[in-house]
Amino acid sequence: MGILEKMRLDNKKIFVTGGARGLGKSMATALCEAGADVAIVDLDIETAQNTAEELEQQTGRKAMAIKADVTKPEDVDRMIDTVLREFGKLDAAFCNAGICLNVPAEEMTFAQWKKVIDINLTGIFLTAQAAGRVMLREGGGSIINTASMSAHIVNYPQPQCSYNASKAGVIQLTKSFAVEWVTRNVRVNCISPGYMGTELTLNSPSLKPLIEQWNAVAPLHRMGKPEELQAAAVYLAGDASSFTTGADFVIDGAFTCI
């Protein structure tokens, strides 16, 4: 099998959490374009359904929307059951759902801290664990987690200690899963994006001054584009990455190099 064939995801079944918009939608689009059928998992079921319909029309692949709260084990179990019932199997999982709260550390409430950790870290644990259980039983698969360059640096000037800590946890969790499951053909990797120009980010009035500061110091003097993460997602989801596990792909335009 040649490299181009290995990069295809024909008939693979994949779910993407936080897939209704932003980076999740971009990743789901790439997976469908590569030949996969994709479940869009999100709390915003209306937007998820719109995204699923859009992907089906654009790519001809099957896409469905599932409403689930990744912080609730019963929701995650129900989501997995739905994927298996509708798709028949699970080949790859993209655990992407996350949030960020910019609050000074001394002012952050426990509720704010817990919300970020619950979604960004516990949510990754629950969804990756559930996917891993299926893949271990079925003989293999690939799990991709969304971490962040914020796991490697302390972002400035925005105060986001809970986000930074949660994403650092995602990387170590990814490595732990990878080592535990490496001999059973379940691969676990993560992608650490830099500042990405999603529609929500670019259109946020509160973020505009921050974007100007980020771009001023970034080696490329710009934010990344969501589509610049797509090749990594397709690579990690398919057979081309059969020897890749426990890796963190930092895609940040060299921001963490400075």
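Residues numbered from 1 in each chain as written. Predicted model: local features only at pLDDT ≥ 70, side-chain atom pairs only at ≥ 80, totals over all residues. Heavy atoms only, no water.

You'll find the protein chain entered in an unreviewed UniProt entry as Dihydroanticapsin 7-dehydrogenase, with Caproicibacter fermentans given as the organism. UniProt, in its Sequence similarities (unreviewed entry) section for the protein chain, records the words "Belongs to the short-chain dehydrogenases/reductases (SDR) family." (UniProt positions renumbered as here; feature names shortened; annotations may be inferred.)

Asks: Can you walk me through the pairing of strand E2 (residues 37–42) in this structure?
Replies: The side chains of a regular strand alternate between both faces of the sheet. With six of its six residues buried, E2 lies for the most part within the structure. Along E2, one buried face is formed by Asp37, Ala39 and Val41 and the opposite face, lined by Val38, Ile40 and Asp42, is buried too. When strand E1 (residues 13–17) meets E2, the two strands line up parallel, connected through five bridges. Each residue of the ladder has a partner; that of Thr17, found in E2, is Val41. For the segment spanning E1, helix H2 (residues 22–33) and E2, crossover handedness is right-handed. Pairing between E2 and strand E3 (residues 63–67): five bridges, direction parallel. Counterpart to Asp42 in the pairing with E3 is Lys67. Read from E2 through helix H3 (residues 45–59) to E3, the crossover connection turns out right-handed. (Buried < 20%, exposed > 50% of the residue type's maximum accessible area, 1.4 Å probe, protein only. Helix = DSSP H or I, 4+ residues; strand = E, 2+ residues; numbered from the N terminus. Pairing = 2+ DSSP bridges. Right-handed = clockwise from strand over helix to strand, strands pointing away.)

Asks: Help me understand the packing of H2 against H3 in this model?
Replies: Between two packed helices, the angle of one axis relative to the other and the distance separating the axes together describe the packing. Viewed as axis vectors pointing N to C, H2 and H3 meet at an angle of 30°, and their least axial separation amounts to 10 Å. Compared by their axis directions, H2 and H3 come out roughly parallel. Once H2 is placed against H3, the crossing between them reads as right-handed. Each of Lys25, Ala28, Thr29, Cys32 and Glu33 in H2 lies in contact with H3, whose residues at this interface are Thr51, Glu54, Leu55, Gln58 and Thr59. For the contact of H2 with H3, a count of residues per class yields three nonpolar, four polar and three charged. (Axes fitted to C-alpha atoms, helices over the stretch in contact; angles between N-to-C directions. Parallel < 35°, antiparallel > 145°, perpendicular 65-115°, else oblique. Left-handed = near helix turned anticlockwise from the far one by under 90°. Contact = heavy atoms within 4.5 Å. Nonpolar A, V, L, I, M, F, W, Y, C, P; charged D, E, K, R; others polar.)

Asks: Could you clarify how one ought to interpret the packing of H2 against helix H9 (residues 230–237) in this entry?
Replies: Between H2 and H9, whose axes approach to 9 Å, the crossing angle comes to 55°. With respect to each other, H2 and H9 are oriented oblique. For the crossing formed where H2 meets H9, the hand is right-handed. Contact residues: Ser26, Met27, Thr29, Ala30 and Leu31 in H2; Gln230, Ala233, Val234 and Ala237 in H9. Here the contact of H2 with H9 is built from residues that sort into six nonpolar, three polar and no charged.

Asks: Which parts of the structure should I look at to understand the environment of Val250?
Replies: Along the chain, Val250 turns up in strand E7 (residues 248–251). For the pair Val250 and Ile119, spaced 131 residues apart in sequence, the C-alpha separation works out to 21 Å. Every residue in contact with Val250, bar those within four places of it in the chain, is listed here: His152, Ser192 and Thr256.

Asks: Sorry if this is basic, but what is going on with the sheet that holds E7 here?
Replies: The strands that make up a sheet are held in pairs by hydrogen bonds between backbone atoms, and each pair lies either parallel or antiparallel. What the seven strands build is an open sheet, ordered E3-E2-E1-E4-E5-E6-E7; its pairing is parallel. Each edge of the open sheet is held by one strand with a lone partner, namely E3 and E7. For this sheet, the mean angle separating the axes of adjacent strands, direction not counted, is 15°. Here E1 pairs with strand E4 (residues 92–95) via three bridges, running parallel. Bridging across to E4, Phe15 finds its partner in Ala93. Each of E2 and E3 touches H3; the most contacted strand, E3, lies at about 170° to it.

Asks: So what exactly am I meant to see when it comes to the environment of Thr201 here?
Replies: Inspection of the secondary structure assignment puts Thr201 in helix H7 (residues 199–202). Exposure remark for Thr201: the relative accessible area of 16% places this residue in the buried category. On a C-alpha basis, the gap between Thr201 and Ile45 in space is 21 Å, while along the polypeptide they are 156 residues apart. Once residues lying within four places of it in the same chain are set aside, the contact partners of Thr201 are Met196, Leu207, Ile211 and Met223.

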